[in-house]
Amino acid sequence: MSVNIEGYQKLKFDLSASHVELVAVSKTKPNEDILALYNLGQRVFGENYVQELVDKQASLPTDIQWHFIGHLQSNKVKYIAPFVHLIHGVDSEKLIQEINKQGAKHHRVIDCLLQIHIASEETKFGFDGPEIHEFLNSGRLVNYSHVRIRGLMGMASFTNNTSVLSKEFEGLRFIFEKAQPAFTHGQFNILSMGMSSDYALAIEKGSTMVRIGSLLFGARNYTK
Ligand SMILES: *Cc1c(COP(=O)(O)O)cnc(C)c1O
């Protein structure tokens, strides 16, 4: 086990000062690592792969709040709909339709974040600013009563260049603030941005939720 207990405690301390929520990203990590943080009080965990999330949810304590932070295919929503606490990467209206349908089936309103494309890389999913405003101002959201849009999520470019990262986080914050009036007061209040390497900067730029994996659990090994 390579869980960084000291790092966790320091991070929790730093985040509590700025009221930022920590999502401990446990993808590829074993249950014992998750339990190590659970036993220190951590309840919010993030996973990227549907099957892995379903397996972990079934075998770990039921008061864990599971966030799905990966790219979600419509045909897999049904597996996580019964329990998922927040879906971060909602990147199309087709996916919203499916989450709404599965939410209705399970008598749940499922909290979601719309993913915004902020990075320069082509491969990252998400809406862009104009698309999100078109969607939010279209009135179509009222059709999805089993989906509650709680805010936005973004992934910055894979770079150490602080000025590039700053611009991307600022851009996301701008879209977030512009979108807020489309919602009931207080509902749209989550800005999920920042990972192990860039969370401090993300918080400086207004993040309210950081998704942190390797800093807590060590580097991931995908070949296992
Ligand atoms: C894996 C992942 C993270 C965590 O990344 P670290 O660099 O390990 O902190 C955060 N967000 C998303 C969307 C991820 O896929």
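Residue positions are given per chain, counting from 1 as you read along its sequence in written order. Whole-chain, interface and lining totals are the exception, using all residues; otherwise, since this is a predicted model, local features are given only for residues with pLDDT of at least 70 and side-chain atom pairs are given and counted only at 80 or more. The basis for every side-chain value is the complete set of heavy atoms in the structure, and neither hydrogens nor water enter the calculation.

Caption draft 1: Fine view of the site of the ligand. Near residues are defined by distance, with any heavy atom within 4 Å of the molecule or strand qualifying the residue. If you check the shell around the ligand, you find 13 residues, and the closest are Lys27, Asn48, Ser196, Ser214 and Arg220. Between an oxygen atom of the ligand and a side-chain N or O atom of Lys27, the distance comes to 2.7 Å. Computed by Shrake-Rupley with a 1.4 Å probe, the accessible areas treat only the displayed protein chains as cover when residues are assessed. In isolation the ligand offers 390 Å² of accessible surface; the protein chains occlude 91% of this area. Think of a polar contact as two N or O atoms within 3.5 Å of one another; within protein, one of them needs to be a possible hydrogen donor and the other a possible acceptor, and neighboring residues in sequence only count if both atoms come from side chains.

Caption draft 2: A look at helix α6 (residues 129–137). For the exposure calls, accessible area comes from a 1.4 Å probe over protein chains only, and a residue counts as buried if that area is under 20% of its type's maximum, exposed if over 50%, partly exposed in between. Starting at the N terminus, helices and strands are each numbered in turn, a helix being any DSSP run of H or I of at least four residues and a strand any DSSP run of E of at least two. Of all the positions in α6, only Gly129, Ile132, His133, Phe135 and Leu136 are classed as buried. Buried residues along α6 cover an arc of 160° about the axis, so they all sit on one side. Lining the buried residues of α6 we find α5 (93–105), β5 (110–116) and α7 (162–179). Residue Gly139 follows α6 closely and has a positive phi angle near 85°. Here the arc refers to the set of directions running from the helix axis out to each C-beta atom. Should any heavy atoms of two residues lie within 4.5 Å, those residues are counted as being in contact.

Caption draft 3: View of the packing of α6 against α7. Packing of α6 against α7 leaves a shortest axis separation of 11 Å and a crossing angle of 15°. One way to sum up the angle between α6 and α7 is to call them roughly parallel. Regarding α6 and α7, the two cross each other, and that crossing is right-handed. Contact with α6, carried on its side by Gly129, Ile132, His133 and Leu136, involves Ile175, Lys178 and Ala179 of α7 and no other residues of that element. Within the contact of α6 with α7, the residues separate by chemical class into four nonpolar, two polar and one charged. A fitted line through C-alpha atoms serves as each axis, taken over the contacting stretch for helices, and the angle formed by two N-to-C directions is quoted from 0 to 180°. Geometric relationships in this document are graded by angle, where less than 35 degrees denotes roughly parallel, more than 145 denotes roughly antiparallel, 65 to 115 denotes roughly perpendicular, and other angles denote oblique. Two helices cross in a left-handed way if the nearer one is turned anticlockwise from the farther one by less than a right angle. They cross in a right-handed way if the turn is clockwise. Three categories are distinguished: nonpolar for Ala, Val, Leu, Ile, Met, Phe, Trp, Tyr, Cys and Pro, charged for Asp, Glu, Lys and Arg, and polar for the others, with Gly belonging to the last.

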